[in-house]
Amino acid sequence: MATGQPGNQRTSFGARPSSASGPEPEPEETGPEPLSADAVVDLAEARRESGIDDVLAKLDSELVGLAPVKTRIAEIAALLLVDQMRERYGITAPQPTLHMSFTGNPGTGKTTVALRMADLLHGLGYLRRGHLVNVTRDDLVGEYVGHTAPKTKEVVKRAMGGVLFIDEAYYLYKVENDRDYGSESIEILLQVMENNRDDLVVILAGYEDKMDTFFAANPGMQSRIAHHIEFPDYTVEELDEIAVLMTGDLGYQFSEEARDVLRRYLDRRIGQPWFANARSVRNAVERARLRQARRLVNASDTKVNLAALTTIEASDLLASRVFDDEHGDETAEHGETGGKRDDAEDDQEVR
């Protein structure tokens, strides 16, 4: 039986086509005939079918504020959708570059947006799988010669068909150490970002100033980034809303007096060291839960109802060292559990 010679075929990163001969491949199916110039397409229907509206709605429900970020994501989605509609009329264009840079302070929703971007691109057909692989330098760079390339390639292989999210990407490059292995990882990433851009989207994330320095030192990386998106810090009003949503998700509520104290807490905390936006709010809520539980257990009357079990009171927030200048030694007596560390120090652990 006659056998066909295998033709040139594109492969995913790290995969090789089989060298064994096989039956003559069947002719590839051709796409639908282009629409005529007077045909009409329904963009609203295309949005529904691709799931764009669902993804954007989920993003809006998950993240408070961030209007500029959400607008940019919606614009990218609209552009990709319009490109697909143009293709139906026979207008062809190169595969768009979708690698991105997310810059902003910790706790501003960069990872969540990256996750929804993966969903969005999968729904539009730009990614096969639509999963997110979240890594840092430690996942990519080895500790000795010959260790970095296998580590980086393994991460890339796992991310193929989805989004590779590299947090604090500037740590890949250490200008003070010309023998650092991070440059080897960068070279591999550059190659993959160019050659496999139709099967992988890379998102680099970190502080804006450090990312600027990173791009200045690595112009090849800068040239491969199509979308630079800045994540603003949350306002006190937005942080207050985030805190209420977080406590609600945990089955708690703030008393009316506690809501007033919460605003005062946020006004103070936002200007202190190691503030990390939504992460700091999450930590504050968790510490308030600890204080509330201790208050209930240590109370002289240990009989409680559902309201007591689910309500965070003003005292549960006032015990924070953020209010030290208001009540002096009262914090040390009634405040933080454990080693009496203040909120700024606790936030340092989650950066």
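Remember, it's a predicted structure, so these values are computed and weren't measured experimentally. (Residues numbered from 1 in each chain as written. Predicted model: local features only at pLDDT ≥ 70, side-chain atom pairs only at ≥ 80, totals over all residues. Heavy atoms only, no water.)

## Notes on the overall build of the protein chain
Across its full length, the protein chain holds 17 helices and 7 strands. Here the protein chain holds 351 residues, and the buried ones make up 41% of them. Taking as baseline every contact in the protein chain between residues at least 6 positions apart, the subset at least 24 positions apart corresponds to 75%. Put simply, the protein chain shows about 19,400 Å² of open surface, and 48% of that area lies on carbon and sulfur atoms. (Helix = DSSP H or I, 4+ residues; strand = E, 2+ residues; numbered from the N terminus. Buried < 20%, exposed > 50% of the residue type's maximum accessible area, 1.4 Å probe, protein only. Contact = heavy atoms within 4.5 Å. Areas by Shrake-Rupley, 256 points an atom, 1.4 Å probe, with all protein chains shown as cover.)

## Section: the pairing of strand β3 (residues 163–167)
Counting buried positions over the 5 residues of β3 gives 5, a clear majority of the element. Where strand β2 (residues 132–135) meets β3, 4 bridges bridge the pair, whose relative direction is parallel. For V135, the partnering residue across the bridge sits in β3 and is I166. Two elements, β3 and strand β4 (residues 201–206), share 5 bridges in a ladder whose sense is parallel. Residue D167 lies in a different strand from β4, and its bridge partner there is A205. (Pairing = 2+ DSSP bridges.)

## Focus: the packing of aromatic side chains
Here the structure, examined in full by the defined rule, presents 4 aromatic pairs. A centroid spacing of 5.0 Å and a plane angle of 50 degrees characterise the contact between F102 and F231, whose relative ring orientation is tilted. Taken as a pair, F102 in strand β1 (residues 100–104) and F231 in strand β5 (residues 227–231) lie far apart in primary sequence, 129 residues in all. On the basis of relative accessibility, which here comes to 4%, the residue F231 falls in the buried class. Judged by centre distance (5.0 Å) and plane angle (75 degrees), the ring pair of Y170 and Y171 falls under edge-to-face. (Phe/Tyr/Trp six-rings, centres within 6.5 Å; stacked < 30°, edge-to-face > 60°.)

## Observations regarding the packing of helix α2 (residues 52–62) against helix α4 (residues 110–123)
Where α2 contacts α4, the two axes come as close as 9 Å, and the packing angle between them is 170 degrees. The orientation of α2 relative to α4 falls into the category roughly antiparallel. Only T112, V113, R116, D119 and L120 of α4 make contact with α2, whose side of the interface consists of I52, V55, K58, L59 and E62. Residue composition of the contact of α2 with α4, grouped by class: 5 nonpolar, 1 polar and 4 charged. (Axes fitted to C-alpha atoms, helices over the stretch in contact; angles between N-to-C directions. Parallel < 35°, antiparallel > 145°, perpendicular 65-115°, else oblique. Nonpolar A, V, L, I, M, F, W, Y, C, P; charged D, E, K, R; others polar.)

## Here's the deal with helix α6 (residues 148–159)
Helix length check: α6 (12 residues) gives 17 Å between terminal C-alpha atoms against 16 Å at 1.5 Å per residue, within 8%. Buried within α6 we find T148, A149, T152, V155, V156 and A159. Mapping the buried residues of α6 onto a view down its axis gives an arc of 135 degrees, with all of them on the same face. Contact partners of the buried residues in α6: β2, α5 (137–140), β3 and α7 (182–195). Positive backbone phi, approximately 85 degrees, marks G161, located one or two places after α6. (Expected span 1.5 Å × (residues − 1). Arc of directions from axis to C-beta.)

## Some points on the environment of D139
Note that D139 resides in helix α5. Residue classification places D139 among the partly exposed residues on the basis of a relative accessible area of 33%. A C-alpha to C-alpha distance of 6.9 Å links D139 and K151, two positions 12 residues apart in sequence. Residue contacts for D139: discarding those within four places in its chain leaves K151 and V155.

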